[in-house]
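# Chain and residue survey
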Amino acid sequence: MGAGVLNTYPDLLPVTSATPIITMGEGDTPLVRSNRLGRELGCTELYFKLEGCNPTGSFKDRGMVMAIAKALEEGTKAIMCASTGNTSASAAAFGAYCDIPTFVLIPKGEVAMGKLAQAMIYGAKVIMINGNFDAALGMVREFTQRNDVTLVNSVNPHRIEGQKTAAFEIVDKLGGAPDMLFIPVGNAGNITAYWKGFREYQDLGRSQALPRMMGFQAEGAAPIVRGEPVARPQTIASAIRIGNPATWNGAIEARDGSGGVIDAVSDDEILEAYRLLANKEGIFCEPASAASFAGLMKMHRQGMDLSDKRIVCICTGNGLKDPDLAVSSSGGQTIEVPANIEALEAVTIGSES
Ligand code: F0G
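Calculation notes
Within each chain, residues carry numbers counting from 1 in the order of the written sequence. Reporting of local features is limited, given that this is a predicted model, to residues whose pLDDT is at least 70; pairs of side-chain atoms are given and counted only at 80 or more, and all residues count toward the totals for whole chains, interfaces and linings. Derived side-chain values reflect all non-hydrogen atoms in the structure, with water molecules and hydrogen atoms excluded from consideration. Numbering of helices and strands runs from the N terminus, with a helix taken as a DSSP run of H or I at least four residues long and a strand as a DSSP run of E at least two residues long. Our radius of gyration looks at C-alpha atoms and nothing else; its globule reference is 2.2 Å times the residue count to the power 0.38. Buried residues are those whose accessible area, probed at 1.4 Å on protein chains only, stays under 20% of the maximum for their type, while exposed residues exceed 50% and partly exposed ones sit between those limits. Computed with a 1.4 Å probe, the accessible areas rest on the Shrake-Rupley method; for each residue, only the protein chains presented here act as cover. When charges are counted, neither His nor the chain ends are considered; positive counts come from Lys and Arg and negative counts from Asp and Glu. By convention, the point assigned to a charge is CZ for Arg, NZ for Lys, CD for Glu and CG for Asp. We call a residue near a molecule or strand when any one of its heavy atoms sits within 4 Å of it. By the criterion applied in these results, polar contacts are pairs of N or O atoms within 3.5 Å in which, for protein atoms, one can donate a hydrogen and the other can accept it, and in which residues neighboring in sequence qualify only through two side-chain atoms. Gly falls in the polar group here, along with every residue not listed as nonpolar (Ala, Val, Leu, Ile, Met, Phe, Trp, Tyr, Cys, Pro) or charged (Asp, Glu, Lys, Arg). Here, a strand pair is defined by DSSP locating no fewer than two bridges between the strands. Interaxial angles span 0 to 180 degrees and are taken between N-to-C directions of axes, which are lines fitted to C-alpha atoms, for helices over the stretch in contact.

Here we come to the overall build of the protein. Secondary structure summary: the protein contains 15 helices and ten strands in total. For the protein, the C-alpha radius of gyration of 20 Å lies close to 20 Å, the compact-globule estimate for 353 residues. Along the three orthogonal principal directions, the C-alpha set of the protein runs to about 70 × 50 × 40 Å. By residue count, 57% of the 353 residues in the protein fall in the buried class. Carbon and sulfur atoms make up 50% of the accessible area of the protein, which totals about 15,000 Å². Across the protein, the mean location of the 31 positive side-chain charges is 4 Å away from that of the 39 negative side-chain charges.

Glancing now at the site of the ligand. In the vicinity of the ligand there are 20 residues, among which Ser83, Gly186, Asn187, Ala188 and Thr316 approach most closely. At a separation of 2.7 Å, an oxygen atom of the ligand approaches a polar side-chain atom of Ser83. One nitrogen or oxygen atom from the side chain of Asn86 is found 2.8 Å from an oxygen atom belonging to the ligand. Calculation on the ligand without its partners gives an accessible area of 480 Å², and the protein chains cover 98% of this total. Listing elements by their share of the shell around the ligand, those giving two or more residues are helix 4 (86-98) and helix 9 (189-203). Of the residues belonging to the shell around the ligand, the class tally is six nonpolar, twelve polar and two charged.

This part is about the sheet that holds strand 1 (residues 31-33). Read across the sheet, six strands follow the order 1-2-10-7-8-9 without closing on themselves; strand pairing throughout is mixed. One side of each edge strand has no neighbouring strand; the edge strands of this open sheet are strand 1 and strand 9 (261-265). Averaged over all pairs of adjacent strands, the angle between strand axes in this sheet comes to 25°, irrespective of strand direction. In this structure, strand 1 lies alongside strand 2 (residues 45-50), joined through three bridges in antiparallel fashion. Each bridged residue has a counterpart across the sheet, and for Arg33 the counterpart in strand 2 is Tyr47.

Quick look at the structure:
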């Protein structure tokens, strides 16, 4: 517990004797068995992997720890990323932990407040641009080519290496690969990383089968589904508001190599999944994360038989990053009463009779 991914899987990562073994306690996240929603969908074995339990509240920490360890090994002077929020929070935290100056580029007005707060309090230099994530990533790529600053987006292969450990954990916990893995797709690094992890474990004989990789984009930001970049991606799920994924090919390989799908879910479907995960499973994830379960609901509606299937949905980030959205979309009103017991009884047990 808390050993971190570099300590847990050193032989399966680009860890050498020169690599500093750092950790902020990332990885080893809960794989929680569904108590209600699986039954409602007729799914025998449904699990949620709670990546929001990582130190900065998203899966990004798995890849970031590897990228930062290699950056330290190479004597990096500063790091930079573009981000819809979670990557910047993770980079900023590891930058603080390792005393590396950190620059983050974010699309102005499009990042959830909790994520912005993280990058700021961890002490990164936060640079807002008048443009979307794709424009920010283009700038970061050019800047890091011209300057002695390390890029820590998932186009840095060490990020993918670290993130593949989530697939290892699933197989280690279940004793084999699931039948299907549902996962949100934005820049497409994570689906690429999981697929790599599952294949490596199979090559090592630690699992017999491979899961079908079921990736879901938001309808207004679904370039892979459409087969062409989206110039102005739109979705409530700001974390996956991406029009031209950097690891597009990786997502296609995962889909085709596994007999899976890359499909889209609407904002309404995402929000429905977001609310259901919270009020039927006690899982508060962010809207982008709910795209995975929204995808499972969509497949169920389309008639996919989920019985006798072992399914894992990845909950990529913590719902606390965007509390305003939770309040506005919960639909539940709060009640105000005078501070006496009769008033309390009137609005609780009294209102039931
Ligand atoms: N879920 C969350 C919560 C994310 O923050 C992201 C990506 C994804 C899913 C999609 O993962 O990009 O590997 O396909 N967030 C990036 C960021 C883009 O900047 O934080 P992906």
